[in-house]
Amino acid sequence: SQQGEEDPQALSIQEGENATMNCSYKTSINNLQWYRQNSGRGLVHLILIRSNEREKHSGRLRVTLDTSKKSSSLLITASRAADTASYFCATVRNSGNTPLVFGKGTRLSVIA
Amino acid sequence: GAVVSQHPSWVICKSGTSVKIECRSLDFQATTMFWYRQFPKQSLMLMATSNEGSKATYEQGVEKDKFLINHASLTLSTLTVTSAHPEDSSFYICSAGLETQYFGPGTRLLVL
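Residues numbered from 1 in each chain as written. Chains lettered and ligands numbered in written order. Predicted model: local features only at pLDDT ≥ 70, side-chain atom pairs only at ≥ 80, totals over all residues. Heavy atoms only, no water.

## Quick word on the overall build of chain A
Each helix and strand counted, chain A has zero helices and eleven strands in total. Each helix (α) and strand (β) of chain A, taken in turn from the N terminus, gives the series β-β-β-β-β-β-β-β-β-β-β. In terms of overall size, chain A behaves like a compact globule, its C-alpha atoms giving a radius of gyration of 13 Å where 112 residues would be expected to give roughly 13 Å. Overall size of chain A, expressed as C-alpha extent along the three principal axes, is 40 × 30 × 20 Å. When each of the 112 residues of chain A is scored for burial, the buried share is 44%. (Helix = DSSP H or I, 4+ residues; strand = E, 2+ residues; numbered from the N terminus. Rg over C-alpha atoms; globule rule 2.2 N^0.38 Å. Buried < 20%, exposed > 50% of the residue type's maximum accessible area, 1.4 Å probe, protein only.)

Written as structure tokens, this is what we have:
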């Protein structure tokens, strides 16, 4: 079953604006990862944040993790039309080679 | 990042036939690979964990006799959809890695 939920399910913004997507999960985790998927394509790994980390940055991406609330957020700053895609959070319960449990995803549309 | 390939990228077949999908890790060895299925506008659902040299572990509700998994080497796992039916039409995607999972580009299966 799905680990958690993303919200919003869909988000439409103008180019240059910031986009914030949230993810909630249900169980304890080892780490949480964010992925991007362009329509009909494979997943691209964006960022991994461990359970003992609270915030991480990568370029225009900022991810936060609140383990007490079992939630994470992904912020994309200064969005571009090329950022249009579906974004998924995925959790890993244990260290080592364990599968990802995906949220339902947020479909982001950035309008030029 | 690491590269995972899948072949074929898409396949159309008649109902009742079997289809084999390959997942390869190109620049690293993967003792474990994961197979996911994704229906349109939905998230990824884990189907099974492929273990090199041993039997795959299937998720609840996934028929092991219908979705045959073979992980014969450290760089190759195959998923065979046996006696495919229209309801098996989906996007199948594999992943491999350690802490960070790298995804193949996916295989779109259409069963007529």
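That was the structure; now back to the text.
## Examining unusual backbone geometry
Note the cis peptide between His7 of chain B and Pro8 of chain B, where omega equals 0 degrees. In this structure, Pro8 of chain B sits in the loop between β1 (4-7) and β2 (10-13). The backbone phi angle of Lys70 of chain A is positive, close to 50 degrees, even though this residue is not glycine. Counting through the fold element by element, Lys70 of chain A comes out in the loop between β7 (61-66) and β8 (71-76). One non-glycine residue with positive phi stands out, namely Lys41 of chain B, at about 60 degrees. Inspection of the secondary structure puts Lys41 of chain B in the loop between β4 (32-38) and β5 (44-51).

## Considerations on the sheet that holds strand β3 (residues 19-25) of chain B
Residues and elements named next belong to chain B. In spatial order, the strands read β1-β3-β8-β7; together these four strands make up an open sheet with antiparallel pairing. The strands lining the two open edges of the sheet, one partner per strand, are β1 and β7 (67-73). The mean angle between the axes of side-by-side strands here comes to 15 degrees, regardless of whether they run parallel or antiparallel. Direction of pairing for β3 relative to strand β8 (residues 76-81): antiparallel, over a ladder of six bridges. Counted as the bridge partner of Ile21 is Leu79 from β8. (Pairing = 2+ DSSP bridges. Axes fitted to C-alpha atoms, helices over the stretch in contact; angles between N-to-C directions.)

## Here's the deal with the interface of chain A and chain B
Across the boundary between the two partners, chain A contributes 24 residues, which contact 22 residues of chain B. Contact with chain B buries surface across chain A, with Leu43, Asn97 and Pro99 of chain A losing the most and accounting together for 29% of the total. In this structure, the connection of chain A to chain B is made through one salt bridge. Viewed at the interface, chain B and chain A are joined by seven residue pairs in polar contact (both at pLDDT 80 or more). Of the residues in the side of chain A that touches chain B, the class split is seven nonpolar, 13 polar and four charged. (Contact = heavy atoms within 4.5 Å. Buried area = accessible area lost by both parts, 1.4 Å probe. Salt bridge = Lys/Arg side-chain N within 4 Å of Asp/Glu carboxyl O. Polar contact = N/O pair within 3.5 Å; in protein donor to acceptor, adjacent residues only side chain to side chain. Nonpolar A, V, L, I, M, F, W, Y, C, P; charged D, E, K, R; others polar.)

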